[in-house]
Amino acid sequence: MTGPIDPRGAEPTPEHGMSRRQLLRHAGWFGAAVVLTVADGQVISSIAGSQDSAAAQAAHSGALRFVQISDSHVGFTGAANTDVNRTFTEALNQVNSLGFLPDFVMHSGDLTHLSTPGQFDQVKQMLTGLRTGRVFTVPGEHDSIGDAGHAYRQRFGANTLGEGWYSFDTHGVHFIALVNTLNMKQLGHLGTDQIDFVRKDVNGLSADTPIVVFSHIPLFAMYPAWGWGTDDAIKVLGLLRRFSSVTCLNGHVHQLFTKTEGNVTFHSATTTAYPLPKPGIGPGPLPQVVPAGRLKDALGIRTVTYRKGEGGLAVTDHKLT
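Residues numbered from 1 in each chain as written. Predicted model: local features only at pLDDT ≥ 70, side-chain atom pairs only at ≥ 80, totals over all residues. Heavy atoms only, no water.

### A closer look at the pairing of strand β5 (residues 134-137)
The side chains of a regular strand alternate between the sheet's two faces. The pairing of strand β4 (residues 104-107) with β5 spans 4 bridges and is parallel. Counterpart to methionine 106 in the pairing with β5 is phenylalanine 136. (Pairing = 2+ DSSP bridges. Helix = DSSP H or I, 4+ residues; strand = E, 2+ residues; numbered from the N terminus.)

Set out below in structure tokens:
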């Protein structure tokens, strides 16, 4: 799953299932936010603001609808975004202006930039302004600098297991939140305890139960040369192979990307902070400076909708407005 890729941009080995050229083509443009709709274990994706997206929202009134935000990096200072608090606030305001009350909001990691107590407290306070039933989080690698995630878990880890993983059910969908940003070398890593948790967690579920998995780092080999992959993800994906529909939502890469492998669809989310380059472009995943007028094109939120029996999981990405 994580075979070698030449960091200079050479074609990846065949086990990845796509060349670097294909990966860039599928990666699309920076900055959108995604709305997802789930029904009958299938996935439907549409760009926010499109006719398809508007139709999906109308058709799925009363469905399970949730929002994914990611990579707010509160505490970042740099030319790529001189005011990440402002853009994060604008993203939260956009969530509150969607025209419906999300069942929950998931922040998929890198809430902070340096994992200081003050940054965590600031993010937690900002999230209280969301009009939603519940707020869930998973940590990013920037949320565990120097303390193996202790400060993060102290503020966001209530009722979680191990190093912060957990699961829950709603509207007939089973959600699993994983932590792959601790004990990592270059790639993300889950570890034996967490894999055992997933094994026990899904053991009694029917194969037609829709599964949605949250993690910060992708659970597929998006670009291992930059650490965009999880070295033992294949073990968890193997446990989910019997389910008819599995959707994995991640952050970390600061851009939109969708990939389907059999019954599993992967969606990488954009950021509310600053863009990163497309895979293999440049020396590494460093914050990109774009013209001020184009910054919001790289930032956004994602909405997801599920209604059983009406077409599947709909994912819509919205640019930050």
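### As for the packing of aromatic side chains
All told, the structure shown has 20 aromatic pairs when counted by the stated rule. Consider the rings of phenylalanine 220 and phenylalanine 257, whose centres lie 5.5 Å apart with planes at 15°: the pair is stacked. Here the residue phenylalanine 220 occupies a position in the loop between β8 (211-215) and α7 (233-239), and phenylalanine 257 occupies one in strand β10 (residues 257-261), the gap between them amounting to 37 residues. With a relative accessible area of 2%, phenylalanine 220 lands in the buried category. (Phe/Tyr/Trp six-rings, centres within 6.5 Å; stacked < 30°, edge-to-face > 60°. Buried < 20%, exposed > 50% of the residue type's maximum accessible area, 1.4 Å probe, protein only.)

### With respect to the side chain of asparagine 180
Structurally, the position occupied by asparagine 180 is in the loop between β7 (173-177) and α6 (192-202). In this structure the side chain of asparagine 180 is engaged in a polar contact, spanning 3.0 Å, whose partner is the side chain of threonine 230. With residues near it in sequence (within four places) discarded, asparagine 180 still touches Gly188, His189, Leu190, Ser215, His216, Ile217, Pro218, Leu219 and Thr230. (Polar contact = N/O pair within 3.5 Å; in protein donor to acceptor, adjacent residues only side chain to side chain. Contact = heavy atoms within 4.5 Å.)

### Considerations on the sheet that holds β10
The 6 strands are arranged β6-β7-β8-β9-β11-β10 in an open sheet whose pairing can be described as mixed. The open sheet has two free edges, formed respectively by β6 (166-170) and β10, since each of these has just one partner strand. Taking the axes of each pair of neighbouring strands and ignoring which way they run, one obtains an average angle of 15° across the sheet. For β6 and β7, the ladder comprises 5 bridges, and the chain directions are antiparallel. Within the sheet, the bridge partner assigned to threonine 170 lies in β7 and is valine 173. Packing of α6 onto the sheet brings it into contact with β6 and β7, and relative to β7 it is tilted by some 170°. (Axes fitted to C-alpha atoms, helices over the stretch in contact; angles between N-to-C directions.)

### Quick word on the pairing of strand β3 (residues 64-69)
Here β3 lies mainly inside the structure; 6 of its 6 residues are buried. Side chains of β3 alternate between two faces, with Leu64, Phe66 and Gln68 and Arg65, Val67 and Ile69 buried alike. Two strands pair when backbone bridges link them, and β3 and strand β12 (residues 300-306) are joined in this way by 5 bridges, in the antiparallel orientation. Across the sheet, the residue bridging to leucine 64 is tyrosine 306, located in β12. In terms of strand pairing, β3 meets β4 through 4 bridges, oriented parallel. The partner of valine 67 across the bridge, within β4, is valine 105. For the crossover from β3 across helix α3 (residues 84-96) to β4, the handedness is right-handed. (Right-handed = clockwise from strand over helix to strand, strands pointing away.)

### Observations concerning the side chain of threonine 112
The residue threonine 112 is located in the loop between β4 and α4 (117-127) in this model. Threonine 112 gets classed as buried once you look at its relative accessible area, which sits at 0%. Here serine 115 takes part through its backbone nitrogen, which lies 3.0 Å from a polar atom of the side chain of threonine 112. Leave out the neighbours within four places in its chain, and threonine 112 touches His73, Val74, Gln119, Phe120, Val123, His142 and Asp143.

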